[in-house]
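# Summary of the model geometry
Each chain, letter by letter, is given below.
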Amino acid sequence: MAPIRIDVATPSRAYPVIIEAAAIDRVGRMFDQLDVPERRFVVSSPLVWRLHGPRLSRGLGIREPILVADGERAKQLPTVARIYDALVEAKADRAAALITFGGGVIGDMAGFAAATYLRGIALVHVPTTLLAQVDSAIGGKVGVNHPQGKNLIGCFYQPHAVVIDPSLVSTLPRREFRAGLYEVVKYGMTSSAGLFDQLSRDRTAIFTREPAVLTPIIAESCRIKAGVVSIDEHESGPRRILNFGHTAGHAIEAVTKYRRYRHGEAVAYGMLVAAQLAKARGAIADRDQKALANLITGLGPLPAIADVSTAQILEAMRHDKKVVSGRLHYVLPTAVGATDIVTDVTETELRAALKAVGFRR
Ligand SMILES: NC(=O)c1ccc[n+]([C@@H]2O[C@H](COP(=O)([O-])OP(=O)(O)OC[C@H]3O[C@@H](n4cnc5c(N)ncnc54)[C@H](O)[C@@H]3O)[C@@H](O)[C@H]2O)c1
Ligand SMILES: [Zn+2]
């Protein structure tokens, strides 16, 4: 299969997203063609490097990667400082390129290091989780958590290129794979009925993780994200539709201290809450709301919510950083593949929707 190329064109930078099975085996030549500076530093995690490092290392001709811990708890400034230390030690200059090789945590942290080291060196993402391939590697959001809250420190810094190898996700734990799929559901429900139908129809094939099955799904997700990011780099308008499921989702993650749910799982619940809100307003047909619920439940079990308090979720939503001058922008689905952004959702409506989805009163 020929590589797929999707172009992202933001005001700050235009760059390609290349999707190809086994891309990491020939990534060195690919980077040369993309004019990635030749002094290349790879940031990865011990686990990802053990699983896939030897191939990347051969494909890229580099010796030593910079290895740092990943996972949400490592996504902190001290880990970024370790990356700076390694770059300083190696005397990396403005002509260096930093290659991130890992999931969204590595991409966000190392991306932030690239954005700030010497006021910015070239950055290339080679994402290794499904979530990072369909979402976090595109769009330029980089940063870390603060002990008081998620993603509180960061900036926008667009990469020079994104190289996606769908075969890398074969080693993901099944739960991580599903967590990424919920973001794909988000793209389908907000922007592409075709993608939504494909997920519903090809579920069994998708779980084989054959690159031939995954490649078109990843590509369609990347096309949607690239399109939105290109017209709204800093998320002031259209990019907001990608927050579908994230308003309640972020609150669910926060009240459970980021421990119980993977981000995608919380978003899955968030999408159910948004669809329930829309249904109660008569903004979406019952059939479409049920189609979303069936697709989400059909992908596999989600961790329980019956003991998670509705009142706490409502409280967390009030503190959401996406509340703009006191108004919560809520993305409601209006049909499969279509949304509306409203700012008049009341707490009473939210409470009812959360309860209907199954949260504790
Ligand atoms: N920048 C953005 O626009 C954006 C968008 C969405 C999410 N995010 C961020 O992304 C992060 C979540 O990313 P994630 O879900 O990729 O989590 P993650 O980076 O923590 O990776 C999940 C786990 O999978 C492991 N892993 C990675 N690749 C693997 C592979 N190929 N095989 C086996 N195991 C592998 C990792 O070691 C880790 O334990 C969050 O911090 C979130 O804030 C950022
Ligand atoms: Zn998300």
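Figured I'd write up the structure that's included with this text. (Residues numbered from 1 in each chain as written. Chains lettered and ligands numbered in written order. Predicted model: local features only at pLDDT ≥ 70, side-chain atom pairs only at ≥ 80, totals over all residues. Heavy atoms only, no water.)

Moving on to the pattern of salt bridges. Side-chain pairs of opposite charge can arise whenever the charged atoms involved come near each other. Applying the stated criterion to the full structure yields 22 salt bridges. With a shortest N-O distance of 2.8 Å, Asp-32 and Arg-40 are connected by a salt bridge. Among the ionic pairs, Arg-55 bridges to Asp-165, the shortest N-O distance being 4.0 Å. With Arg-55 in helix α2 (residues 46–60) and Asp-165 in the loop between β9 (161–164) and α6 (174–191), this residue pair connects regions lying 110 residues apart in the sequence. Note on Arg-55: relative accessible area 26%, which makes it partly exposed. Through salt bridges with shared partners, a single ionic network connects Asp-135, Glu-183, Lys-186 and Lys-225. (Salt bridge = Lys/Arg side-chain N within 4 Å of Asp/Glu carboxyl O. Helix = DSSP H or I, 4+ residues; strand = E, 2+ residues; numbered from the N terminus. Buried < 20%, exposed > 50% of the residue type's maximum accessible area, 1.4 Å probe, protein only.)

Right, let's talk about the coordination of the zinc ion (ligand 2) for a bit. Every protein donor of the zinc ion (ligand 2) is accounted for by Glu-183 (OE), His-246 (NE2) and His-263 (NE2), and the metal-donor separations fall at 2.0 to 2.2 Å. When the donor residues of the zinc ion (ligand 2) are listed from N- to C-terminus, their spacing reads E-x62-H-x16-H. With His-246 in helix α10 (residues 246–255) and His-263 in helix α11 (residues 263–280), this pair connects stretches of sequence that are 17 residues apart. His-263 matches His-246 in its accessibility class, with the two residues each being buried. (Donors = N, O, S within 2.8 Å, 3.2 Å for Na, K, Ca; no water.)

A few words now on the packing of helix α13 (residues 310–318) against helix α14 (residues 347–357). Running from amino to carboxyl end, α13 crosses α14 at an angle of 135°, the nearest separation of the two axes being 10 Å. Considering their axes alone, α13 and α14 lie oblique with respect to each other. Between α13 and α14 lies a crossing whose hand is right-handed. Within the contact between the two elements, α13 uses Thr-310, Ile-313, Leu-314, Met-317 and Arg-318 and α14 uses Glu-347, Leu-350, Arg-351, Leu-354 and Lys-355. Taken together, the residues of the contact of α13 with α14 sort by class into 5 nonpolar, 1 polar and 4 charged. (Axes fitted to C-alpha atoms, helices over the stretch in contact; angles between N-to-C directions. Parallel < 35°, antiparallel > 145°, perpendicular 65-115°, else oblique. Left-handed = near helix turned anticlockwise from the far one by under 90°. Contact = heavy atoms within 4.5 Å. Nonpolar A, V, L, I, M, F, W, Y, C, P; charged D, E, K, R; others polar.)

Attention now goes to the packing of aromatic side chains. Evaluation of the coordinates by the stated rule reveals 4 aromatic pairs. Plain terms: the ring middles of Trp-49 and Phe-101 are 6.1 Å apart, the flat faces sit at 85° to each other, and that makes the pair edge-to-face. Of this pair, Trp-49 sits in helix α2 while Phe-101 is found in strand β5 (residues 96–102), placing the two residues 52 residues apart along the sequence. Of the residues examined, Trp-49 reaches a relative accessible area of 13% and is grouped as buried. Ring centres 6.0 Å apart and planes at 75° place the aromatic pair Tyr-261 and Tyr-269 in the edge-to-face group. Connected via pairs of aromatic rings, a cluster forms that spans Tyr-261, Tyr-269 and Phe-359. A cation over a ring is seen here: Arg-13 above Tyr-157, with NZ or CZ 5.7 Å from the ring centre. Lys-186 extends its terminal NZ or CZ atom over the ring of Tyr-187, reaching a point 4.9 Å from the ring centre. (Phe/Tyr/Trp six-rings, centres within 6.5 Å; stacked < 30°, edge-to-face > 60°. Lys NZ or Arg CZ within 6 Å of the ring centre and 35° of its normal.)

That is the geometry; function is a separate question.
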